[in-house]
Amino acid sequence: MTTRTESVDTPAGEARVTWHPADAARLVLAVGHGAGGGIEARDLQALAAALPGRGITVALVEQPWRVAGKKVAAAPKVLDEGWRALWPALLAAGPPVVAGGRSAGARVACRTAAGLGAAGVLALAFPLHPPGRPEKSRAEELLGAGRPTLVVQGGRDPFGHPDEFPPAGPGPGLDPGLAAPGARPGPRTPYELVAVPHGDHGFAVPKRADVTQAETLAAITGAVAEWLDRLPLR
C-alpha cells in the first residue's frame, strides 16, 4: 500500500497528515495521537494497515506540537484549534470524515466533532479521568460529542476501566437494534463501548494473558470496521 504525507498550516503551527488510502474509498477515518506519543502507536498503525482493504482511507494526524519536536503537548484549546484548521484538508479527500483519536486525541475529536460536521467519532483509550482520580471525570466531553461515537477501552486502562463509563448504548441516528456485538447494554446514550480484555492505556496485553497482542489488535480493528460499516452516512 502506498502512503503519502501532507503538511497543513494551522494557527498552531504545521500539522502533518499521513494518508493510507483505500481504492474507491467510501469513508475517511482521521485519527489523532495522544499526549504521550505519536502516530506510531500500535492501535493507530493497526487501523492504518487493516482498514484501507475494507474501503476506508485512514489519515493519521500529527498535531503541530509533535511535528515541531516538542516533548509536551499543547493546551486543549490549542489542540482543538489545530484540529479544526486541518479539517478542510481531510474533507478534500472527498468521502465523509470520521473524527478519531487516542487518549488526548480522542478528547479533541469529541470536543470538535459536532462543530465540524464529522460523520462520527472514534475514541480509542478515552481518558475518562486522570489515573487514580475518578472524581475528575471527563465524561461530559464524551457525552457531548453529538455524533455517533465508538469508545474502545482497555480493561486495565488506569485512565478509566470500561466499567467506570456511563452505560453505553447506540449513538444518535443509530437503530438500537444495530448495537455492536459486545457493547454494554444500557439506556440510549451517544456512544457505544467495546472493552479490550487485559489491555492497558496503549492496548498492550501481558504475556500471561489468554490472548496475544496480535489477536488483541485484530479484535480492535475488527470492532472499529464493524462500527464504521454501520454508520449512517449522509
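These numbers were taken from a predicted model, which means no experiment stands behind them.

Conventions we followed
- Residues numbered from 1 in each chain as written.
- Predicted model: local features only at pLDDT ≥ 70, side-chain atom pairs only at ≥ 80, totals over all residues.
- Heavy atoms only, no water.
- Phe/Tyr/Trp six-rings, centres within 6.5 Å; stacked < 30°, edge-to-face > 60°.
- Helix = DSSP H or I, 4+ residues; strand = E, 2+ residues; numbered from the N terminus.
- Buried < 20%, exposed > 50% of the residue type's maximum accessible area, 1.4 Å probe, protein only.
- Core = buried A, V, L, I, M, F, W, Y, C linked by side-chain atoms within 4.5 Å.
- Contact = heavy atoms within 4.5 Å.
- pLDDT = per-residue confidence, 0-100.
- Pairing = 2+ DSSP bridges.
- Right-handed = clockwise from strand over helix to strand, strands pointing away.

Enquirer: Please clarify how the packing of aromatic side chains should be interpreted in this entry.
Expert: Two aromatic rings, taken as a pair, are described by how far apart their centres are and by the angle between their planes. Under the criterion given, the structure shown has two aromatic pairs. Here the aromatic rings of Trp83 and Trp87 are separated by 6.2 Å at their centres, their planes lie at 50°, and the arrangement is tilted. Placement of the pair is Trp83 and Trp87 together in helix H3 (residues 76-91), with a separation of four residues, close to one helical turn. Like Trp83, the residue Trp87 is buried in the burial classification. Summarising the aromatic geometry, the rings of Phe126 and Phe165 are spaced 6.4 Å apart at their centres and angled 65° between planes, so their arrangement reads as edge-to-face. Of the two residues, Phe126 is situated in the loop between strand S6 (121-124) and helix H5 (139-143) and Phe165 in the loop between strand S7 (149-154) and strand S8 (192-196); the sequence distance between them amounts to 39 residues.

Enquirer: Honestly, unusual backbone geometry in this entry has me stumped. Any pointers?
Expert: Among all residues except glycine, the phi angle is most often negative; among peptide bonds, the trans geometry is most common. Unlike most non-glycine residues, Ala24 shows phi in positive territory, near 50°. Considering the arrangement of structural elements, one finds Ala24 in the loop between strand S2 (13-20) and strand S3 (27-32). The phi angle at Ala125 is positive, at roughly 50°, despite the residue not being glycine. Along the chain, Ala125 falls in the loop between S6 and H5.

Enquirer: Help me understand the nonpolar core, please; the structure alone is not making it clear to me.
Expert: Formed by 34 residues in total, the largest nonpolar core has its most connected members in Trp83, Leu90, Phe126, Val151 and Phe165. It is H3 that provides the largest number of residues to this core, a total of six residues. In this view, Leu90 contacts Val17, Trp19, Ala30, Ala59, Val61 and Val97; residues no more than four positions away in its chain are not counted.

Enquirer: Could you clarify how one ought to interpret the confidence of the model for the chain in this entry?
Expert: In low-pLDDT segments, the atomic positions of the prediction should not be examined closely. Chain-level statistics for the chain give a pLDDT mean of 89 and a share of 90% at 70 or above. The low-confidence segment residues 171-189, where pLDDT is below 50, has 51 contacts with residues more than four positions distant or belonging to other chains.

Enquirer: What should I look at first to understand the pairing of S6 in this one?
Expert: Remember that side chains alternate between the two faces of the sheet whenever the strand is regular. Residues Val121 and Ala123 of S6 are buried on one face, and the alternating residues Leu122 and Leu124, pointing to the opposite face, are buried as well. Two elements, strand S5 (residues 97-102) and S6, share four bridges in a ladder whose sense is parallel. If you follow Arg102 over to S6, its bridge partner there is Leu124. For the crossover that starts at S5, traverses helix H4 (residues 104-116) and ends in the parallel S6, the hand is right-handed. By the bridge criterion, four bridges tie S6 to S7 in an arrangement that is parallel. Of the residues in S7, the one forming a bridge with Val121 is Thr149.

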